[in-house]
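In case you want the letters, here they are:
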Amino acid sequence: MSAIRLLDIRETPLSVDEVVAAVQDAAAGGTAFFAGTVRDHDRAQDGAESKAVTALSYSAHPSALERLREVMEKIAADIPVVALAAVHRVGDLAIGDHAVVVAAAAPHRGEAFEACRRLIDDLKHEVPIWKHQHFADGTSEWVGAC
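This is a predicted model, so every value here is computed, not measured. (Residues numbered from 1 in each chain as written. Predicted model: local features only at pLDDT ≥ 70, side-chain atom pairs only at ≥ 80, totals over all residues. Heavy atoms only, no water.)

Asker: Just checking my understanding: could you explain the sheet that holds strand β5 (residues 83–89) for this structure?
Answerer: In a beta sheet, neighbouring strands pair by backbone hydrogen bonds and run either parallel or antiparallel. Pairing within the open sheet is mixed, and its four strands lie in the order β1-β5-β7-β2. The strands lining the two open edges of the sheet, one partner per strand, are β1 (4–10) and β2 (30–37). Across the sheet, the mean angle from the axis of one strand to that of its neighbour is 5°, orientation sign disregarded. Summarising the sheet, β2 and strand β7 (residues 98–106) pair through eight bridges and their orientation is antiparallel. Bridge assignment links Gly36 to a residue of β7, and that residue is Val100. Across the sheet, helix α1 (residues 16–23) touches β1, β2, β5 and β7, and the angle it forms with β7 is around 20°. Relative to β7, helix α3 (residues 109–126) is tilted by about 150°, and along the sheet it contacts β2, β5 and β7. (Pairing = 2+ DSSP bridges. Helix = DSSP H or I, 4+ residues; strand = E, 2+ residues; numbered from the N terminus. Axes fitted to C-alpha atoms, helices over the stretch in contact; angles between N-to-C directions. Contact = heavy atoms within 4.5 Å.)

Right, here's the structure in full:
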């Protein structure tokens, strides 16, 4: 049985409960999750001070779901996990919305923390999902995941 229990990119709001429930397993001694939330400010890519964010949207390349599966398969091959789950949102999001939720369950907490941390980090670096944020000063920028 595959350790990948939930894998999706969707336009609808994300549920932490759904993701955590997907990795529940009697063999898991530890479960870790991360929820990435849209905040009301961000540092511009040019390194300037934080700027107020008024709107944000995510777009995904058609290959994003397959790339996410590859990321999760690699983690499952490298770390003794029982279950993994990852869901990323696309479309327009509001301040406070969950943009991404990931979870990992493993026999021990250290493995669960390691797998969860790697899942969110590798997702952000390897899955082609881009953020378009609009700032209160009228400027905007695209932030690439790859």
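Okay, back to it.
Asker: Help me out: how do you make sense of the pattern of salt bridges in this one?
Answerer: Two side chains that carry opposite charge are able to pair once their charged atoms sit near each other. The final tally for this structure, using the stated rule, is 13 salt bridges. Here Asp8 ties to Arg10 by a salt bridge, and the two come within 2.9 Å at their closest N and O atoms. With its nearest N and O atoms 2.3 Å apart, the salt bridge here joins Arg67 to Glu70. One end of the pair, Arg67, and the other, Glu70, are both in helix α2 (residues 64–78), three residues apart, so they sit about a helical turn from each other. (Salt bridge = Lys/Arg side-chain N within 4 Å of Asp/Glu carboxyl O.)

Asker: It is not clear to me how the packing of α2 against α3 should be interpreted in this structure. Could you clarify?
Answerer: Two quantities define a packed helix pair, namely the angle between the axes and the distance from one axis to the other. Where α2 contacts α3, the two axes come as close as 10 Å, and the packing angle between them is 150°. Between α2 and α3, the crossing angle belongs to the class labelled roughly antiparallel. Between α2 and α3 lies a crossing of right-handed hand. Every residue of α3 that contacts α2 at Arg67, Leu68, Val71, Met72, Lys74, Ile75 and Asp78 is listed here: Ala115, Arg118, Leu119, Asp122, Leu123 and Glu126. (Parallel < 35°, antiparallel > 145°, perpendicular 65-115°, else oblique. Left-handed = near helix turned anticlockwise from the far one by under 90°.)

Asker: Looking at this structure, how should I read the pairing of strand β9 (residues 140–144)?
Answerer: Residues in a regular strand project their side chains so that they alternate between the two faces of the sheet. Sheet analysis places strand β8 (residues 129–135) next to β9, joined by five bridges and oriented antiparallel. Within β9, the residue paired with Lys131 across the bridge is Val143. As consecutive antiparallel partners, β8 and β9 are separated by four residues, and within that stretch Gly138 has a phi angle of approximately 95°, a positive value.

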